[in-house]
Amino acid sequence: MMKICLSILFIFTSFIVQGQIDPELLRNFSIDTTERKLNMDAVYNRPFIQAGKLPVALGGYVEANYQYLNENGISKGHEFQMRRLTLFVSSTVSKRIKFLTELEFEEGTKEINIEFASVDFEFEPLLNFRGGIVMNPIGAFNQNHDGPKWDFVDRPLAATQMLPATWSNVGFGIFGKKSKHNWTYGYELYLTNGFNESIVSNSMNKTFLPASKSDPDRFGQSVNGMPLFTAKFALRNTKLGEVGISYMSGIYNQFEKDGLVLDKKRAVTAYAIDFNTTIAKTGTFINGEWAWIKIDVPDTYTEQFGRNQTGGFIDIVQPIIRKPLFGFTNSVLNAALRLEYVDWNKGKFVSTGENISDHIYSVVPSLSWRPSTQTVFRLNYRYNWQTDLLGNPPSRMAGFQFGFSTYL
Amino acid sequence: MGKRKIKVLSAISLGIILSISCSKLLPQLPTDDSILDGPVDGLSPEQNRIFLRGDFAFNDEVFTSSNGLGPTFVATSCGSCHAGDGKGHPFTTLTRFGQSDTLGNQFLHLGGPQLQSRALPGYKPEVLPAGATFSRFTPPANTGLGLLEAVPDATLIALSDVNDADGDGISGRPNWITLPSYTIIKTGAIHNNGKYIGRFGKKALVYDLLQQTANAYNQDMGINSSYESISTYNNLQVDPEIPNQTILDVVFYLQTLKAPVQRDQQDREVLAGKQLFIQISCSKCHIPQLQTGPSPIAAISNKTIFPYTDLLLHDMGPALDDGYTEGTALTPEWRTPALWGLGLSKNSQGGQVFLMHDGRARSITEAINLHGGEANNSRKLFQQLTESDKNKLIKFLESL
């Protein structure tokens, strides 16, 4: 695994070096990644560079930041973080067979993940086959998560701390897309490996879908032989924007082994709705996502483990100055605001009949500067109010974050 | 530089300056008297490290099937029941059953004394056996326990008045208990026919914080240790699931958690309330001031403390008699709970209070009105107070 990554890194750097020697050799597909296509197009809607007649194109992005956070009056001090380095390699195997992979290094080499590695066969625009490691299309962030596309240092809480972005699994499926006049619609249907019992058995002491990601075996085997089904339908109007509805459901527990019954089958089901639009008059970009999750938690567990979860976020990004700056002709300065909410446990205490809390609110105003469409600098202020499940006075976290993210 | 550029630059730098200068935008440190957690003053850097390890094990180490939880259990971490080291909520209240006299628990073979009401997937939680009497215990706060542990046995004996020799209707006696084999007996410990004084737990069945901690891992979470190695699931001896070091770290953490700090100490009404507390004999059980003895931990050695307890058992009357007991305590007998930290109870009980051993009292007044038995007189005197005096007394109790 390490070897593969290193060799890819090597190939990659050698192209860069080569590129510096003779830029003419490089064909740069530098596209405007802030231009909004369907979220499902995000994997290919990235800048790639290709060297000469070589059949592979390369890309990637990097995200790093500084932060000064304070929790309940206790400062965490000055922190510098290399959140992630992601490399993409794509190749057009033949005219209608494409391969793309996305490798991610999080916090240095603490976590190395293949986020995506699949081969697409196009039969016709409405019918493509995709197989390999695919990103389950639940919500929009999971598919469209590249750092440089976002105006905030942190990823949305509801997408990463409730839904498990980035959530990809081995599997296959079909997808397609069709456009007519101002309208485009697309669908995706996948069967993949799924979750495991850690969603109700983890160190977070709550129902926590992202816990499944730490299973090192999940790309090799399914815990229970039951595929996770994910489906998404999205509709886009060039003037109005895009809405997507998505659904994901599967059995998460190991209910039998070697033919012996261990438990009943327990399902986890998620629904999400996402939308994004740009208000033509003001140029305001609005992007949001909301999800609901239902988990069949064993009755023998306490209410500590939520049976229902919900949460989402909305980002409002307002360009305020579009003028060349320091020689960057496409420079844009944005003011942005993110509002977020996650409730990990929607339910009532059996003992008192009162609501279970276990939720977080957060407000993140941001100032982001895009010298070009592929690079963003962001200055964020974040304030979180997190309430434990009993509803005790919230734990408050606030602070400043400054960072950048750029495609390579 | 163009005008535009200057504008942009100044906007950016203004942003940065604003951010840095606005330390108001960051949460303020809560005052020491408003929270329960945090160590006693005067720990050495070495002790701070042990404290932090214990803090982590207590609050952040969550047990799952992969690190030993269960198979039957009540909760998944110490912190789930003792949030912020404060009192717990009815949803983590646990059930004990099977003993109705001083002859011991008759239901040990049926899962007694503690009901393991939860289970890992595929396993069955325990159910209350027919015919067993039971009691429900709401988690108490964990603050200042090291100081209470360091109060000499001789003090407790001096406070006790087994036969009510002074005729005030209040006796108070220790729960004489049999020690587990791993106990290190304190210097100056007093014993009675091989039995020692229990001081922790609602029935004072527990000798010290080591026993309490090893028991909590075993009984509350199904985590066995070399101290308590019998599984609650099948009553068989099993391998330790937690290192002794972790248990000792947690014990040190509990020993060095600070005592709650009283608020509004100089407030006139609070002072008047305190006088009333003494006048109507609340202070005969809820002893306002105690002295710790020598302790290996300098920071809790020979300190004056204000816990409002005598750590002794009192007959609290039929209304609080659940028909269940532990050790040599009788069913209506309960150990006087410390009242320090009382005013902060709602910060760990979800904005409300659940007082008395099973959380049945939903306000301080209700708790007082439930006092019977030896506290009958005291309760009556409370009920005869004028409204304004009652309010002063409550205000005092809320300042604790």
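Residues numbered from 1 in each chain as written. Chains lettered and ligands numbered in written order. Predicted model: local features only at pLDDT ≥ 70, side-chain atom pairs only at ≥ 80, totals over all residues. Heavy atoms only, no water.

For chain B, the name recorded in an unreviewed UniProt entry is CxxC motif-containing protein, DUF1111 family, with Sediminibacterium ginsengisoli as its organism.

An unreviewed UniProt entry annotates chain A as Phosphate-selective porin O and P of Sediminibacterium ginsengisoli.

Quick rundown of the interface of chain A and chain B? Include the residues and the values.
Of the residues lining the interface, 40 residues belong to chain A; the matching set on chain B comes to 41 residues. Carbon and sulfur atoms make up 67% of the area that chain A and chain B hide from each other, which totals about 3300 Å². It is Thr-300, Leu-390 and Phe-400 of chain A in chain A that bury the most area against chain B; as a group they hold 17% of the surface buried on that side. Taken together, the connections running from chain A to chain B amount to one salt bridge. The partner of Arg-118 of chain B in a salt bridge is Glu-303 of chain A, with the nearest N and O atoms 3.8 Å apart. Summed over the shared surface of chain A and chain B, the number is ten residue pairs in polar contact (both at pLDDT 80 or more). Secondary-structure elements contributing two or more residues to the side of chain A that touches chain B are strand 3 (56–71), strand 19 (375–387) and strand 20 (395–407) of chain A. No other element matches strand 20 of chain A, which puts five residues into the side of chain A that touches chain B. (Contact = heavy atoms within 4.5 Å. Buried area = accessible area lost by both parts, 1.4 Å probe. Salt bridge = Lys/Arg side-chain N within 4 Å of Asp/Glu carboxyl O. Polar contact = N/O pair within 3.5 Å; in protein donor to acceptor, adjacent residues only side chain to side chain. Helix = DSSP H or I, 4+ residues; strand = E, 2+ residues; numbered from the N terminus.)

Before we move on, can you summarise unusual backbone geometry with the specific residues and values?
The step from Ala-165 of chain A to Thr-166 of chain A runs through a cis peptide bond, and the omega angle for that step is -5 degrees. As for its position among the elements, Thr-166 of chain A is in the loop between helix 2 (157–162) and strand 8 (168–180). Cis geometry marks the peptide bond from Gly-70 of chain B to Pro-71 of chain B, where omega comes out at 10 degrees. By the element assignment, Pro-71 of chain B lies in the loop between helix 2 (45–60) and strand 1 (72–73).

Describe the side chain of Asn-237 of chain A, listing the residues and the values that go with them.
Residue and element names in this part refer to chain A. Turning to its location among the elements, Asn-237 is positioned in strand 10 (residues 228–237). A polar contact of 2.7 Å, which involves the side chain of Asn-237, links it to the backbone nitrogen of Lys-239. Polar side-chain contacts of Asn-237 include one of 3.0 Å to the backbone nitrogen of Leu-240. Those residues within four positions of Asn-237 in sequence are excluded, and the remaining contacts are Asn-182 and Trp-183.

So what's going on with the environment of Leu-379 of chain A? Which residues, and what values?
Structurally, the position occupied by Leu-379 of chain A is in strand 19. Placed 44 residues apart in sequence, Leu-379 of chain A and Ala-335 of chain A show a C-alpha to C-alpha distance of 9.8 Å.

How would you summarise the pairing of strand 6 (residues 111–124) of chain A if you had to cite specific residues and measurements?
Residues and elements named next belong to chain A. In this sheet, strand 6 lies alongside strand 5 (residues 97–106) in antiparallel orientation, the contact comprising ten bridges. Note that in strand 6 the partner of Glu-102 across the bridge is Phe-116. Pairing geometry for strand 6 and strand 7 (residues 127–135), over seven bridges, is antiparallel. Bridge pairing in strand 7 links Phe-121 to Phe-129. (Pairing = 2+ DSSP bridges.)

I'd like a rundown of the domain arrangement of chain B, residues and numbers included.
Residue and element names in this part refer to chain B. One can read the domain layout of chain B as domain 1 (3–32), domain 2 (38–255) and domain 3 (268–399). Centre-to-centre separation of domain 2 and domain 3, based on C-alpha positions: 21 Å. Domain 2 puts 58 residues into the contact, and the matching count from domain 3 is 45 residues. Summed over both sides, the interface of domain 2 with domain 3 buries roughly 4400 Å², with 60% coming from carbon and sulfur. (Domains from an automatic or database assignment.)

I'd love a proper account of a nonpolar patch on the surface, names of residues and values included.
All names here are of chain A. Together, Trp-183, Tyr-185, Phe-233, Leu-235, Leu-240, Val-243, Ile-245, Tyr-271, Ile-273, Phe-275, Trp-290 and Trp-292 line one region of the surface with nonpolar side chains, adding up to about 1100 Å² of accessible area. Top element by residues in the nonpolar patch is strand 14 (residues 267–279). It accounts for three residues. Of note, Val-243 is situated in strand 11 (residues 241–251). (Patch = residues over 30% accessible without salt bridge, like charges linked within 9 Å, V, L, I, M, F, W, Y side chains within 5 Å. Areas by Shrake-Rupley, 256 points an atom, 1.4 Å probe, with all protein chains shown as cover.)

Any chance you could break down the side chain of Arg-173 of chain B for me, citing the residues and the numbers?
With respect to the helices and strands, the residue Arg-173 of chain B is situated in the loop between helix 5 (153–159) and strand 5 (175–177). Once you skip the residues sitting within four places of it in the chain, Arg-173 of chain B turns out to touch Ser-160, Val-162, Leu-312, Leu-313, Thr-328, Ala-329, Leu-330 and Glu-333 of chain B.

How would you explain the nonpolar core if you had to name every residue and give the values?
Among the nonpolar cores identified, the biggest contains 72 residues, and Phe-195 and Ile-295 of chain A together with Tyr-217 of chain B are the most heavily contacted of them. Broken down by secondary-structure element, the contributors of at least two residues to this core are helix 2, strand 14 and strand 15 (284–295) of chain A together with helix 2, helix 4 (145–149), helix 6 (209–221) and helix 7 (244–256) of chain B. In terms of residue count, the dominant contributor to this core is helix 7 of chain B (six residues). Taken together, domain 2 (38–255) and domain 3 (268–399) of chain B each give at least three residues to this core, which thus spans both. Beyond its immediate sequence surroundings of up to four residues, Ile-295 of chain A is in contact with Ile-199, Val-200, Thr-207, Leu-209, Tyr-252, Ala-267, Val-268, Gly-306, Arg-307 and Gln-309 of chain A. Counting residues in hydrophobic clusters, the runner-up holds 21 residues, among them Val-270, Leu-276, Ile-280 and Ile-364 of chain B. (Core = buried A, V, L, I, M, F, W, Y, C linked by side-chain atoms within 4.5 Å. Buried < 20%, exposed > 50% of the residue type's maximum accessible area, 1.4 Å probe, protein only.)

Can you break down the packing of aromatic side chains residue by residue, with the values?
For any pair of aromatic rings, the description rests on two quantities: the centre-to-centre distance and the angle between the ring planes. All chains considered together, the criterion is met by 37 aromatic pairs over all chains. Plain terms: the ring middles of Phe-277 of chain B and Tyr-308 of chain B are 5.7 Å apart, the flat faces sit at 80 degrees to each other, and that makes the pair edge-to-face. Of the two residues, Phe-277 of chain B is situated in helix 8 (residues 268–279) and Tyr-308 of chain B in the loop between strand 9 (304–305) and strand 10 (313–315); the sequence distance between them amounts to 31 residues. Cluster of aromatic residues (ring-pair linked, three or more members): Phe-326, Phe-328, Trp-369, Phe-377 and Phe-404 of chain A. Geometry around Tyr-44 of chain A places Lys-98 of chain A over its ring, the cationic atom sitting 4.3 Å from the centre. Sitting over the ring of Phe-255 of chain A, Lys-265 of chain A keeps its end group 5.1 Å from the ring centre. (Phe/Tyr/Trp six-rings, centres within 6.5 Å; stacked < 30°, edge-to-face > 60°. Lys NZ or Arg CZ within 6 Å of the ring centre and 35° of its normal.)

A description of the packing of helix 8 of chain B against helix 11 (residues 387–399) of chain B should follow, citing residues and the corresponding values.
Residues and elements named next belong to chain B. One way to put it is that helix 8 packs onto helix 11 with a least axis distance of 7 Å and a crossing angle of 100 degrees. It follows from the interaxial angle that helix 8 and helix 11 lie roughly perpendicular. From helix 8, Glu-269, Val-270, Ala-272, Gly-273, Lys-274, Leu-276 and Phe-277 reach across to helix 11, where they touch Asp-389, Lys-392, Leu-393, Lys-395, Phe-396, Leu-397 and Ser-399. Across the contact of helix 8 with helix 11, the residue classes tally to seven nonpolar, two polar and five charged. (Axes fitted to C-alpha atoms, helices over the stretch in contact; angles between N-to-C directions. Parallel < 35°, antiparallel > 145°, perpendicular 65-115°, else oblique. Nonpolar A, V, L, I, M, F, W, Y, C, P; charged D, E, K, R; others polar.)

Tell me about the sheet that holds strand 7 (residues 195–198) of chain B, and please be specific about residues and values.
All names here are of chain B. The strand order 5-7-6 describes an open sheet built from three strands, whose pairing is antiparallel. At either margin of the open sheet sits one strand with a lone partner, and together these are strand 5 and strand 6 (191–192). As paired elements, strand 5 and strand 7 share three bridges and run antiparallel to each other. Opposite Asn-175, over in strand 7, you have Gly-198 as the bridge partner.

Tell me about helix 7 of chain B, and please be specific about residues and values.
Residue and element names in this part refer to chain B. Here helix 7 contains 13 residues, and its C-alpha end-to-end distance of 18 Å stays within 8% of the 18 Å for a straight helix at 1.5 Å per residue. Where burial is concerned, most of helix 7 is hidden: ten out of the 13 residues are buried. Buried within helix 7 are the following residues: Thr-246, Ile-247, Asp-249, Val-250, Val-251, Phe-252, Tyr-253, Leu-254, Gln-255 and Thr-256. If you follow the buried residues of helix 7, they end up packed against helix 2, helix 4 and helix 6. (Expected span 1.5 Å × (residues − 1).)

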